[in-house]
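Close look at the chain arrangement
Residues per chain are reported as follows:
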Amino acid sequence: MVAAELPDCELSLSLVSDRAIRTLNRNYRGIDSATDVLSFSQIEQAGAAPADPHIVTNDPALTLGDVVISIDTALAQARDLRTQPAARIRRLLIHGFLHLLGYDHERSSADARKMFARERALDEKISNPRSVSTRRKMVAPRKVSRRRKSV
């Protein structure tokens, strides 16, 4: 994700039903209900420090993990929040991405503030790409000379 200054990292994204995410939530978190997004971090499984972006920049081909989004819940939330479904799914993807890096809003209110501030900042960068300082500068194409060959 270029906006997060991690352009070469990868993650897996699955868009599923409420039924499927409920099963995952029950099996992995012990919570028998649907949720909007789940993240399964390969960084944390590897024993890396949470919320440390430097851990991934040392390995440009690192797979961060898996993000699972419930389309059913995302669409319902988009209606409730009066936002576009694509905007809601983007926000959930960012949220899941931050969890992959080790951010956790359930640990403390300070951690929640930090995570949600980072979430808003990334959403702003992605929503308004002209404001992204990390975007690559456009290079004007070189003019091609159209000289005639002498025969």
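To keep things clear, this report deals only with the structure shown in the data block. (Residues numbered from 1 in each chain as written. Predicted model: local features only at pLDDT ≥ 70, side-chain atom pairs only at ≥ 80, totals over all residues. Heavy atoms only, no water.)

This next bit is on the environment of R19. Looking at where R19 falls in the secondary structure, it is placed in helix α1 (residues 18-29). For the pair R19 and T35, spaced 16 residues apart in the sequence, the C-alpha separation amounts to 9.8 Å. (Helix = DSSP H or I, 4+ residues; strand = E, 2+ residues; numbered from the N terminus.)

Neighbouring strands of a sheet are bound in pairs by backbone hydrogen bonds; such pairs are parallel or else antiparallel. Spatially, β1-β3-β2 is the arrangement adopted by the three strands of the open sheet, whose pairing is mixed. Two strands in the sheet have a free side with no partner beyond their single neighbour: β1 (10-16) and β2 (37-41). Shown here is a sheet whose adjacent strand axes are inclined to one another by a mean of 15°, direction ignored. Bridge count between β2 and strand β3 (residues 63-70): five bridges; the pairing is antiparallel. Each bridged residue has a counterpart across the sheet, and for S41 the counterpart in β3 is G65. Where helix α4 (residues 71-81) meets the sheet, it contacts β1 and β3, and its direction lies at approximately 65° from that of β3. Those strands touched by helix α5 (residues 85-100) are β1, β2 and β3, and its axis lies near 140° from that of β3. (Pairing = 2+ DSSP bridges. Axes fitted to C-alpha atoms, helices over the stretch in contact; angles between N-to-C directions. Contact = heavy atoms within 4.5 Å.)

Within this structure, the stated rule accounts for one aromatic pair. With a centroid separation of 5.1 Å and 70° between ring planes, the pair formed by Y28 and F40 is classed as edge-to-face. Of this pair, Y28 sits in helix α1 while F40 sits in strand β2, and the two are twelve residues apart along the sequence. (Phe/Tyr/Trp six-rings, centres within 6.5 Å; stacked < 30°, edge-to-face > 60°.)

What follows covers the packing of α4 against α5. Running from amino to carboxyl end, α4 crosses α5 at an angle of 120°, the nearest separation of the two axes being 9 Å. Comparing the axis directions of α4 and α5 gives the class oblique. Crossing geometry of α4 relative to α5 is assigned as right-handed. Contacts between α4 and α5 involve I71, A74, L75, Q77, A78 and L81 on the former and, on the latter, P85, R88, I89 and L92. (Parallel < 35°, antiparallel > 145°, perpendicular 65-115°, else oblique. Left-handed = near helix turned anticlockwise from the far one by under 90°.)

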